[in-house]
Amino acid sequence: MVTKVIALSKDNRAAALKEAGKIIKAGGLVAFPTETVYGLGGDALNPASAKKIYEAKGRPSDNPLIVHIAEMEALPSIVEEVTEEAKRLASLFWPGPLTMILKKSARVPYETTGGLDTVAVRMPVHDVALDFIEAAGGYVAAPSANRSGRPSPTTAAYVAEDMEGRIEMILDGGQATLGLESTIVDLTVEPPMLLRPGFVTMDMLSVALGEVGVDETLLRGDSGQAPKAPGMKYRHYAPKGELIIVRGKTEAVTACINERLREGRRINKKTGVITSEETLGYYDADARYSLGKKGSAKAAAERLYRILRECDDEGVELILSECPDGAGVGAAVMNRLLKAAGYHIIDV
Ligand code: TXA
Ligand code: MG
């Protein structure tokens, strides 16, 4: 299959979205930009499309997909009930980087939900995404547009690296500005439960909902439990090299990381560090990557997946990372970094 890559401009936008919509309606796949990461879209109401998505991603088919909608009117027919909590969250955070889990209606095929009786729904805040969903018939199932096990793509070029030849079309709408996937909250349990941290933070959810539980597996690899969001169990976001996080006071962290880098170099490993802007110069490594200013979780979120891909591209075999601040949006950064590191963290 030849994948058509279209760089969207004012002139070609309408025609391109129309063509993309036709592909989805005919059961094909189109990657498209959202504010979080690029999605790999198919018709959410067509069981055959879900199968194609799993194939293209190389993802197990027990991993449910998020159904993307473009307007509130689209919600009632795909869920059993639009609960008060769902209405409240939608009015506060939609369109935006929040996915809600609700009981599904018969209209949503089990192929899309990985066999579950619940469905994940999100309304993205990105004009290309919204217009594309409309053109595609209103219900687009879309996981992140990476091959399974790779970091989610934040640019169309990264989508092409993973999906060239596997899907009909890639809509290039520039860089995904947030850089990490949406927050997921399960509204089918009492109290509601955070399944994946993101830009809609725990604090924001608590203000809206009152008590909110947290899936214990988010921050620990050794909880012995299966994550509540099936997709979170896979070792996603992992770079090819070994990644270790070092946490503690700056001086101790710097000393520990430099020691590990020296050891790595002694056995001829290509080394890398992931640090704050301020401390980038403290380290002696083959490749150095900045997550942005200390304490800026937004900058870190925007850069993290690109950095992990660059580590792979540059063949870095041993990567030491400082531990970014985990408050607010930082919880999302920490969650993804921990998963990328296989929860390997050293306290100094
Ligand atoms: O920001 C995002 O959410 C991006 C963009 C494209 O919208 N999409 C995305 O999809 O990250 P994906 O497939 O990479 O992650 C979806 C996660 C998986 O961990 C999956 O297990 C979980 O959502 N999920 C989906 N439906 C679920 C359900 N019914 N119950 C529990 N978890 C669910
Ligand atoms: Mg994903």
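What you are looking at is a predicted structure, and each value in this text was computed from that prediction instead of being measured.

### Things to note about the sheet that holds strand β16 (residues 345-347)
Part 1 of the argument: Pairing is parallel in the open sheet, where 5 strands are placed in the order β14-β13-β15-β12-β16. Looking at the sheet topology across the chains shown, the edges are occupied by β14 (287-290) and β16. This sheet shows a mean twist of 20° between the axes of neighbouring strands, independent of strand direction.
Part 2 of the argument: Sitting on the sheet, helix α8 (residues 250-266) is in contact with β12 (242-247), β13 (271-275), β15 (318-322) and β16, with an inclination near 175° to β15.
Part 3 of the argument: Sitting on the sheet, helix α10 (residues 330-340) touches β12, β15 and β16, and the angle it makes with β12 is about 135°.

### Digging into the sheet that holds strand β11 (residues 213-214)
Part 1 of the argument: Taken together, 11 strands build an open sheet; the order of strands is β1-β8-β2-β3-β7-β4-β6-β5-β9-β10-β11 and the sheet is mixed. Of all strands in the sheet, those bounded by a partner on one side alone are β1 (4-7) and β11.
Part 2 of the argument: Strands β3 (39-43) and β7 (140-141) of the sheet are contacted by helix α2 (residues 47-57), whose axis makes an angle of about 155° with β3.
Part 3 of the argument: On top of the sheet, helix α3 (residues 84-93) reaches β5 (98-103) and β9 (183-186); it is set at about 165° to β5, its chief contact.

### Looking at the domain arrangement of the protein
Part 1 of the argument: Domain boundaries in the protein define domain 1 (4-218) and domain 2 (242-347).
Part 2 of the argument: When each unit is reduced to the centre of its C-alpha atoms, the spacing between domain 1 and domain 2 is 29 Å.
Part 3 of the argument: At the interface, 24 residues of domain 1 touch 19 residues of domain 2.
Part 4 of the argument: Of all residues in domain 1, P151, Y158 and L180 give up the largest surface area on contact with domain 2, accounting jointly for 33% of the area buried on that side.
Part 5 of the argument: In this structure, the connection of domain 1 to domain 2 is made through 4 salt bridges.
Part 6 of the argument: A salt bridge links E161 to R309; its shortest N-O distance comes to 3.3 Å.
Part 7 of the argument: Examining the composition of the side of domain 1 that touches domain 2, we find that 3 residues originate from one element, helix α6 (residues 156-163), more than from any other.
Part 8 of the argument: Within the side of domain 1 that touches domain 2, the residues separate by chemical class into 9 nonpolar, 10 polar and 5 charged.

### Examining the packing of aromatic side chains
Both the distance between ring centres and the angle between the ring planes are used here to describe each pair of aromatic rings.
Part 1 of the argument: A complete count under the given rule lists 2 aromatic pairs for this structure.
Part 2 of the argument: Where F32 meets F132, the ring centres are 4.8 Å apart and the plane angle is 40°; that geometry is what we call tilted. You can see F32 sitting in strand β2 (residues 30-32) and its partner F132 sitting in helix α5 (residues 127-135), a full 100 residues away along the chain.
Part 3 of the argument: Residue classification places F32 among the buried positions, given a relative accessible area of 0%.
Part 4 of the argument: With relative accessibility at 0%, the residue F132 sits in the buried group.
Part 5 of the argument: Over the ring of Y110 we find K104; its NZ or CZ atom is 4.1 Å from the centre of that ring.

### Thoughts on the environment of K52
Part 1 of the argument: Inspection of the secondary structure assignment puts K52 in helix α2.
Part 2 of the argument: Classification of K52 as partly exposed rests on a relative accessible area of 36%.
Part 3 of the argument: Distance in space between the C-alpha atoms of K52 and I307 is 29 Å, their sequence separation being 255 residues.
Part 4 of the argument: Residues within four places of K52 in sequence aside, it is in contact with G27, G28 and L29.

### Points about the environment of L318
Part 1 of the argument: Mapped onto the elements, L318 comes out in strand β15.
Part 2 of the argument: Separated by 58 residues in the primary sequence, L318 and R260 place their C-alpha atoms 9.0 Å from one another.
Part 3 of the argument: With near-sequence residues (within four places) excluded, L318 lies in contact with E242, I244, R260, G264, K269, K270, T271 and G272.

About the criteria used
Sequence positions are assigned chain by chain, starting from 1 and proceeding in written order. By the order in which they are written, chains take letters starting at A while ligands take numbers starting at 1. Totals for whole chains, interfaces and linings use every residue, but because this is a predicted model, local features are given only for residues with pLDDT of at least 70 and side-chain atom pairs only at 80 or more, for both listing and counting. Side-chain figures throughout are based on the complete set of non-hydrogen atoms in the structure, without hydrogens or water. In this scheme, strands are said to pair when DSSP sees at least two bridges between them. By the criteria applied, helices consist of DSSP H or I runs no shorter than four residues and strands consist of E runs no shorter than two, each listed in order from the N terminus. Lines fitted to the C-alpha atoms define the axes, with helices restricted to the stretch that makes contact. Angles between their N-to-C directions range from 0 to 180 degrees. Contact definition: two residues touch when any of their heavy atoms are within 4.5 Å. Domain limits in this description derive from either an automatic procedure or a database domain assignment. A quick way to say it: buried area is the sum, across both parts, of accessible area lost when two parts are put together, with a 1.4 Å probe. Should a side-chain nitrogen of Lys or Arg be within 4 Å of a carboxyl oxygen of Asp or Glu, the pair is scored as a salt bridge. Charged residues are taken to be Asp, Glu, Lys and Arg, nonpolar residues to be Ala, Val, Leu, Ile, Met, Phe, Trp, Tyr, Cys and Pro, and polar residues to be all remaining types, Gly included. When the centres of two rings from Phe, Tyr and Trp lie within 6.5 Å, Trp using its six-membered ring, the rings pair. Their planes under 30 degrees apart give stacked, over 60 give edge-to-face, and anything left gives tilted. Burial classes follow relative accessibility: with a 1.4 Å probe on protein chains only, a residue under 20% of its type's maximum area counts as buried, one over 50% as exposed, and anything between as partly exposed. Our definition puts a charge over a ring when NZ of Lys or CZ of Arg is within 6 Å of the ring centre and also within 35 degrees of the ring normal.

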